[in-house]
Amino acid sequence: QRQMCIRDRSMEIEVTDKELLKLTNGIIQGMSGSPILQNGKLIGAVTHVFVNDPMKGYAILMETMLYEMEN
């Protein structure tokens, strides 16, 4: 069985909600761990922001969290 690499199981995210951007200017310190919902389902969580672009960052997939928890 192939060992899962976290980098293989993460995603880049971008904040596009204009209201949220107006309030926060993007992903801000303290958002790590914030849930990411898609179509009403939990798909992952924010891990960190790109230093040079606060509208973008990384997230970890829920699938990866479950895999890591079981192994």
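The text that follows walks through the structure, step by step, so that each part is easy to find. From a predicted model like this one, the values you see are computed outputs, not experimental measurements. (Residues numbered from 1 in each chain as written. Predicted model: local features only at pLDDT ≥ 70, side-chain atom pairs only at ≥ 80, totals over all residues. Heavy atoms only, no water.)

A look at the sheet that holds strand β4 (residues 53-61)
Remark on secondary structure: sheet strands pair via backbone hydrogen bonds, oriented parallel or antiparallel. Reading across from one edge, β1-β4-β3-β2 is the order of the four strands in this open sheet, with antiparallel pairing throughout. Here the strands that pair on one side only, and so sit at the sheet edges, are β1 (10-14) and β2 (35-38). Sheet twist, expressed as the average angle between the axes of neighbouring strands with direction ignored, equals 40 degrees. Here β2 pairs with strand β3 (residues 41-50) via four bridges, running antiparallel. Its bridge partner lying in β3, Gln38 is registered against Lys41. Strands in contact with helix α2 (residues 62-70) are β3 and β4; relative to β4, the strand with the most contacts, it is inclined by about 45 degrees. (Pairing = 2+ DSSP bridges. Helix = DSSP H or I, 4+ residues; strand = E, 2+ residues; numbered from the N terminus. Axes fitted to C-alpha atoms, helices over the stretch in contact; angles between N-to-C directions. Contact = heavy atoms within 4.5 Å.)

Remarks on the pattern of salt bridges
Within the structure shown, the criterion is met by one salt bridge. For the salt bridge of Glu19 with Lys22, the shortest nitrogen-to-oxygen distance reads 3.9 Å. Placement of both Glu19 and Lys22 in helix α1 (residues 18-24) is noted, with a separation of three residues, approximately one turn of the helix. Using a relative accessible area of 64% as the deciding quantity, one classes Lys22 as exposed. (Salt bridge = Lys/Arg side-chain N within 4 Å of Asp/Glu carboxyl O. Buried < 20%, exposed > 50% of the residue type's maximum accessible area, 1.4 Å probe, protein only.)

A look at the packing of aromatic side chains
Inspection of the entire model under this criterion finds one aromatic pair. Taking the centre distance of 5.0 Å and the plane angle of 70 degrees together, the rings of Phe50 and Tyr58 count as edge-to-face. (Phe/Tyr/Trp six-rings, centres within 6.5 Å; stacked < 30°, edge-to-face > 60°.)

A short note on unusual backbone geometry
Although it is not a glycine, Asn25 adopts a positive phi angle of roughly 65 degrees. Looking at where Asn25 falls in the secondary structure, it is placed in the loop between α1 and β2. The backbone of Asn39 shows a phi angle near 55 degrees, a positive value even though the residue is not glycine. By the secondary structure assignment, Asn39 is in the loop between β2 and β3. Judged by its relative accessible area of 77%, Asn39 is exposed.

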